[in-house]
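# Observations on the model geometry
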Amino acid sequence: QVQLVESGGGLVQAGGSLRLSCAVSGRTFSSYAMGWFRQAPGKEREFVATISWNGGSTYYADSVKGRFTISRDNAKNTVYLQMNSLKPEDTAVYYCAASTMYVVVTTPLVHYWGQGTQVTVSS
């Protein structure tokens with residue numbers, strides 16, 4: 001069984017930065033593509049960023065491209081999301097996701113979810 005635990009969420013002013021972390025249990029972390037999704041109140045869960053199992057490929061939603069960076073440390077079983085130049089519209093619960101696909105950009109491809117961490121950006 002794979003378990004994902006997010007941390008690093010919080011309240012930040014517009015223009016600020018946060019770094020989310022997702023610690024993954026299980027010795028097969030390096031074989032999973034990892035991703036970040038988010039869900040704002042009243043909206044569907046949406047793709048934010050993904051990274052392939054070896055870190056060789058990354059993809060971002062257009063809304064975060066140039067501001068967010070996804071990375072992973074396979075030695076620490078952890079994936080990160082560095083969020084810069086945050087905007088009020090980035091406010092959401094952010095979820096870590098794992099998939100056996102090469103990358104994970106849609107929710108049906110997700111095999112494991114974290115519990116989520118709240119990010120609130122004030123204007």
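Keep in mind that what you see is a predicted model, and the values were worked out from it rather than measured.

This brings us to the state of the cysteines. Enumeration according to the criterion identifies one disulfide in this entry. The partner cysteine of Cys 22 in its disulfide is Cys 96, sulfur to sulfur 2.1 Å. Disulfide Cys 22 to Cys 96: torsion about the S-S bond roughly -85 degrees, handedness left-handed. Linking Cys 22 in strand β3 (residues 18-24) with Cys 96 in strand β9 (residues 92-99), this pair joins segments that are 74 residues apart in sequence. The same class applies to Cys 22 as to Cys 96, namely buried.

It is worth spelling out the packing of aromatic side chains at this point. By the definition in use, this model includes four aromatic pairs. Their ring planes at 70 degrees and their centres at 5.8 Å tell us that Phe 37 and Phe 47 sit as a pair that is edge-to-face. Here Phe 37 is found in strand β4 (residues 33-39), whereas its partner Phe 47 is found in strand β5 (residues 46-51), with 10 residues between them in sequence. Across this residue pair, the class does not change: Phe 37 and Phe 47 are buried. When the ring of Tyr 95 is compared with that of Trp 113, the centres are 6.2 Å apart and the planes differ by 85 degrees; the resulting orientation is edge-to-face.

About the criteria used
- For every chain, the first residue of the written sequence is number 1, and numbering continues from 1 along that sequence.
- A pLDDT threshold of at least 70 governs which residues receive local features in this predicted model, and a stricter bar of 80 or more applies before side-chain atom pairs are shown or counted, although totals over entire chains, interfaces and linings include all residues.
- With hydrogens and water excluded, all non-hydrogen atoms of the structure serve as input to the side-chain values.
- Throughout, a disulfide means two cysteine sulfur atoms within 2.5 Å of one another.
- Only DSSP runs of H or I with at least four residues qualify as helices, and only runs of E with at least two residues qualify as strands; both kinds are numbered from the N terminus onward.
- Burial status follows relative accessibility: with a 1.4 Å probe on protein chains alone, a residue under 20% of its type maximum counts as buried, one over 50% as exposed, and anything between as partly exposed.
- When two rings of Phe, Tyr or Trp (its six-membered ring) have centres within 6.5 Å they constitute a pair, described as stacked for plane angles under 30 degrees, edge-to-face for angles over 60, and tilted for the intermediate range.

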